Amino acid sequence: MNSTLIEVMENENHNTILCVSHGGAMYRFIQKWVSQERIKNIKFTNCCILKFDYSEGEFEFKEAISLID
């Protein structure tokens, strides 16, 4: 997932992308880019939206949007 998203983001024609994935794959992705301490404070639920910025080969976590309270 990580290498595919980097490939997509490195494409000069990208602007904003939406990636839909299984929660397990999303969790593994967020573990790569966010510290365990910060992950503990993220409300990671079903139907969760993880928002990242991408620049110079790195993803920066911005926010988690949970559709389930």
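Before going into details, it helps to say that this report is about the structure given with it. (Residues numbered from 1 in each chain as written. Predicted model: local features only at pLDDT ≥ 70, side-chain atom pairs only at ≥ 80, totals over all residues. Heavy atoms only, no water.)

### Description of the nonpolar core
Stage number 1. I30, V34, L50, F52, F59 and F61 are the most contacted members of the largest nonpolar core, which has 14 residues in total.
Stage number 2. Elements supplying a minimum of two residues to this core: α1 (2–10), α2 (23–33), β1 (49–55) and β2 (58–65).
Stage number 3. When residues no more than four places from it in sequence are discounted, the contact partners of F59 are N2, L5, I6, M9, F29, W33, F52, D53 and Y54. (Core = buried A, V, L, I, M, F, W, Y, C linked by side-chain atoms within 4.5 Å. Buried < 20%, exposed > 50% of the residue type's maximum accessible area, 1.4 Å probe, protein only. Helix = DSSP H or I, 4+ residues; strand = E, 2+ residues; numbered from the N terminus. Contact = heavy atoms within 4.5 Å.)

### Considering the pattern of salt bridges
Any two side chains of opposite charge can pair if their charged atoms end up close together.
Stage number 1. Evaluation of the coordinates by the stated rule reveals 4 salt bridges.
Stage number 2. Among the ionic pairs, D53 bridges to K62, the shortest N-O distance being 3.8 Å.
Stage number 3. With relative accessibility at 38%, the residue D53 sits in the partly exposed group.
Stage number 4. Through salt bridges that share partners, D53, E60 and K62 make up one connected network. (Salt bridge = Lys/Arg side-chain N within 4 Å of Asp/Glu carboxyl O.)

### Overview of α1
Every α-helix carries 3.6 residues per turn, so stepping three or four residues along brings you back to the same face.
Stage number 1. All of the buried residues along α1 are N2, L5 and M9. Take α1 and look down its axis: the buried residues cluster within an arc of 65°, on one side only. Exposed side chains of α1 directed beyond 90 degrees from the buried face belong to S3, E7 and E10.
Stage number 2. Along its buried surface, α1 packs onto α2, β1 and β2. (Arc of directions from axis to C-beta.)

### What about the state of the cysteines?
Disulfide: a covalent bond formed between the sulfur atoms of two cysteine residues.
Stage number 1. Applying the stated criterion across every chain, the model contains 0 disulfides.
Stage number 2. C47 forms no disulfide, and the closest cysteine sulfur to it belongs to C48, at a distance of 9.2 Å.
Stage number 3. For C47, a relative accessible area of 53% puts it in the exposed group.
Stage number 4. For C48, a relative accessible area of 10% gives the class buried. (Disulfide = S-S within 2.5 Å.)

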